[in-house]
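Topology and contacts: notes
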Amino acid sequence: MNNKKAKMSLVLVILLITLAGTGSVSAIQNNMSADGNKVITDLQTDRVIIGFKEKTNTINGNLFCYAADTKESQQVENTRIIVVGTDNYESTIQELEQHANILFVEPDYPIYALEVQGIVPNDPLFAQQWSLQNTGVSAAWEFETGSKDIKIAIIDTGIDYNHPDLSNYVDGGYDWVNDDPDPMDDHGHGSHCAGIAASTMGNGIGIAGISQSSLMAEKVLNESGAGYSSSLASGIIHAADMGANIISLSLASTESSAAVEDACNYAWSKGCIIVAASGNTHDSISYPAAFDPVIAVGSIGPSNELSSFSNFGYEQELVAPGENILSTVLNNSYENKWGTSMAAPHVAGIAALVLSRYPDMSNNDMRVHLTDTAEDLGAEGWDETYGYGKVNAFEALAIYIPDTFPTIQDAVNNVTNGSTIIVRPGTYTENVIIDRELKIIAGSENISDTFVMPEVANEPVFSVKANNVTIRGFSITDNVCNSNAGVSLDNVMGCNIAENEIGNMTYGILLSNSSSNNVVLNRIISHGDSGICVTNTSNNNTLANNTISAFSYCGIILNSSCYNLMTNNTVTLNDAGIRFVNSGNNTLYNNIITSNYYGVNLNRSDDNQIYDNYFNNENNALDDGYNVWNHTEMLGMNIVQDVVIGGNFWHDYEYGGSLPYNCSGQIVNGGDYLPLDPNPWNDISSAGEPDGSYITIGEVIDAYNCWRLTNTTPKTGASVSIGNVIDMYNAWRFTTAM
């Protein structure tokens, strides 16, 4: 259970429970309505709940000689709780509290629901589906819509099971108000909550509920939205006994009831997932949401800000949409309502979606899972306003390795298109073939925590054979098998290979006949052939912000491929930093290419654009074709954030020298007609402070901070000369200091 829940002492309380959301915000305290009017109710106020230390199976007449004022009695089924009538509940409580066999005594005070009218916006699109998109539900439907085997219990005013959009209703609940097995809604609040969680989707009418799971009702509130805490306890216990997987409680009270807390503990012990509205008084978390087994849910609006009415505090776990939510009501109708009452069934419905996909997940695992996959709002991590964040159906339906499946390949083989597979830290030895649209993401921000190594020699570690695949955050290495590639893309489009560290492969990343993919923010070292190989008509790909120190034939090679963009890469320590073979109309822009035998080698390749790069190699360029080494329009700041339009930075060119710069004559058809100044700030002192905060070529740059460096000594951090391995995550774009 959540250790954030405060345990309450068993004290005498005057219990007042309100529906946590109706037409607008319901706020009732001390039997007063939101506008200060006295609450009118026909409920008795002469009932007492007795909790015994041992479970009581029969009502024995001798039991009630404990107090002379007791009248009729009723046992709450399958509990240690008995409700008795009394002529004087204060004296009855005082007498009963003296007996050793009695654990607690508390009034069975009324529970109420009052409404104040809310404002319905005129925009019908705002009034209908915003919450489903906001919580990732519509995206999650692509691979799960819910199973009838999962049962959601709405404990409220009942459910209008004749409503055509509530056909997911099943029998098994109970009417604790009228003491019969027919929990028909005669108020509307329960039907509204039911529709949010599981109204019928795809029937051509009305709205779509979050999960196409079964709905059952425990009616604990009457036609006025009023009832007793004993009824609420009975409803919770009965729902658990009737096989409810999820219990949704859109109820709120400023006081604690031991009977209701006992019922929640009982349902938790039976494996139920319990969700409750946190309350609408913009104050501390109400009950039963504040009880330990219960997930407390606050309300947010479309901008993800906490609703003005929503409660908050130490017990807050999640938030969900609770403003202007359209759902089912009586008479086959629909209404928009506000309140944490509307937020709670969002979480219940999403829990049903996840449980439909993973039916063996325990209630504790579900609780942890929903908070782990929530979208963080407010202060980083948990906070009293948003808890762990906004519930997110799409993220919650992600597959975890090895929790859900033992291996990455097992997960790939068993999930549907669009799924997200999250791989927890560890070492995985396998060759993964990906034949469907997936996101495969390492579950740690530290790349070195999640290793994938090949099991079979001469095959890629990740072999991508489907469009729109993401592989992110892995350390992919081979110390044994001489693998063909870390990641291989074969005849695919729309893939994202990002933030991986790849070592000891023939190819770090191999693209063959694959177009419109993104290869970004990877670090590739120690390869036999090339760090990144783009071959066999692989066009329109973006290679950006990669660090390649491959000690190989090529850092990057383009073979028979066109219209690719290479930008903000750092390529060092290869025979050729970047090699073009039979490849034209590519763009090489804003890269750092150093300590290679050839910086860039163009072989039978024409019409490529090469500008705003920094070259410091044994031979900076070899070009036997017709390529452009300058740019003539300002596309943005160049590599040192200067606005000069021109060509490239060359380590062996003295600015102002003869033109064109021709790399010792190795650029056959011309050269760089406007080479850029590699040291544009001539007021930097090699020994002292610069007049301003500048950065010089040849020094390490921090992509997130502005390093204030001189030619020789940095003022902060450490200076690392170009040619060494540098930051794999950031674009090494030179920027002026702050």
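Quick look at the structure, then. Quick caveat, the model's predicted, so the values are computed rather than measured. (Residues numbered from 1 in each chain as written. Predicted model: local features only at pLDDT ≥ 70, side-chain atom pairs only at ≥ 80, totals over all residues. Heavy atoms only, no water.)

1. A word on the overall build of the protein chain
Each helix and strand in the protein chain was counted, giving ten helices and 47 strands. When the 738 residues of the protein chain are sorted by exposure, 59% land in the buried category. Restricting to contacts in the protein chain with at least 6 residues of sequence separation, those with at least 24 account for 61%. Surface accessibility of the protein chain: about 27600 Å² in total, with carbon and sulfur atoms responsible for 46%. (Helix = DSSP H or I, 4+ residues; strand = E, 2+ residues; numbered from the N terminus. Buried < 20%, exposed > 50% of the residue type's maximum accessible area, 1.4 Å probe, protein only. Contact = heavy atoms within 4.5 Å. Areas by Shrake-Rupley, 256 points an atom, 1.4 Å probe, with all protein chains shown as cover.)

2. Regarding the packing of helix 7 (residues 340-357) against helix 8 (residues 363-372)
Relative to each other, helix 7 and helix 8 sit at 110°, their axes nearing to 11 Å. Here helix 8 runs roughly perpendicular to helix 7, going by the angle between their axes. In the crossing of helix 7 with helix 8, the sense of the turn from one axis to the other is right-handed. In this structure, helix 7 uses Val347, Ile350, Ala351, Val354 and Leu355 to contact helix 8, whose residues at the interface are Met366, His369 and Leu370. When grouped by side-chain class, the residues that make up the contact of helix 7 with helix 8 number seven nonpolar, one polar and no charged. (Axes fitted to C-alpha atoms, helices over the stretch in contact; angles between N-to-C directions. Parallel < 35°, antiparallel > 145°, perpendicular 65-115°, else oblique. Left-handed = near helix turned anticlockwise from the far one by under 90°. Nonpolar A, V, L, I, M, F, W, Y, C, P; charged D, E, K, R; others polar.)

3. Overview of unusual backbone geometry
Here the bond from tyrosine 287 into proline 288 is cis, since omega is 10°, no more than 30 degrees from zero. Within the element layout of this structure, proline 288 appears in the loop between strand 14 (273-277) and strand 15 (294-300). The omega torsion across leucine 659 and proline 660 is -10°, close enough to zero to call that bond cis. With respect to the secondary-structure elements, proline 660 resides in the segment after strand 47 (649-650). Despite not being glycine, asparagine 331 has its phi angle at roughly 60°, a positive value. Position of asparagine 331 relative to the elements: it lies in the loop between strand 17 (325-329) and strand 18 (333-339). Its relative accessible area of 69% is what places asparagine 331 among the exposed residues. Located in the positive-phi region is serine 516, a residue other than glycine, with phi close to 60°. Here serine 516 lies in the loop between strand 31 (507-512) and strand 32 (518-520).

4. Focus: the sheet that holds strand 47
Strand order in the open sheet formed by ten strands is 21-24-27-30-33-36-39-42-45-47, with parallel pairing between adjacent strands. Two strands bound the open sheet, and with one partner strand each, they are strand 21 (426-429) and strand 47. Here two bridges tie strand 45 (residues 614-616) to strand 47, and the two strands are oriented parallel to one another. Counted as the bridge partner of tyrosine 614 is phenylalanine 649 from strand 47. (Pairing = 2+ DSSP bridges.)

5. A short note on the packing of aromatic side chains
Taken as a whole and assessed by the stated rule, the structure comprises eleven aromatic pairs. Between tryptophan 629 and tryptophan 650, the aromatic rings sit 5.8 Å apart at their centres with planes inclined by 40°, giving tilted as the arrangement. Here tryptophan 650 lies in strand 47 and tryptophan 629 lies in the loop between strand 46 (619-623) and strand 47, a separation of 21 residues in the sequence. Of the residues examined, tryptophan 629 reaches a relative accessible area of 1% and is grouped as buried. Ring geometry for tyrosine 653 against tyrosine 661: centres 5.7 Å apart, planes inclined by 70°, an arrangement best described as edge-to-face. Here the two residues tyrosine 653 and tyrosine 661 agree in accessibility, since each one is buried. (Phe/Tyr/Trp six-rings, centres within 6.5 Å; stacked < 30°, edge-to-face > 60°.)

6. Points about the nonpolar core
Grouped together as the largest cluster of nonpolar side chains are 109 residues, with contacts concentrated most on Leu370, Ile408, Ile421, Ile440 and Phe462. By residue number, the principal contributor to this core is helix 7, which donates eleven residues. Discounting chain neighbours no more than four positions away, the residues touching isoleucine 440 are Ile408, Val412, Ile421, Val423, Ile434, Phe462, Thr470, Ile471, Arg472 and Phe474. Of all hydrophobic cores here, the second largest spans 37 residues; its members include Leu232, Ile236, Ile247 and Ala290. (Core = buried A, V, L, I, M, F, W, Y, C linked by side-chain atoms within 4.5 Å.)

7. Thoughts on the sheet that holds strand 23 (residues 438-442)
Strand order across the open sheet formed by ten strands is 19-20-23-26-29-32-35-38-41-44, with parallel pairing between neighbours. Two strands bound the open sheet, and with one partner strand each, they are strand 19 (399-401) and strand 44 (609-611). Pairwise comparison of adjacent strand axes, ignoring direction, gives a mean angle of 10° for this sheet. Both strand 32 and strand 35 (residues 542-544) contribute to a ladder of three bridges, which runs parallel. What sits directly across from valine 519, in strand 35, is leucine 543.

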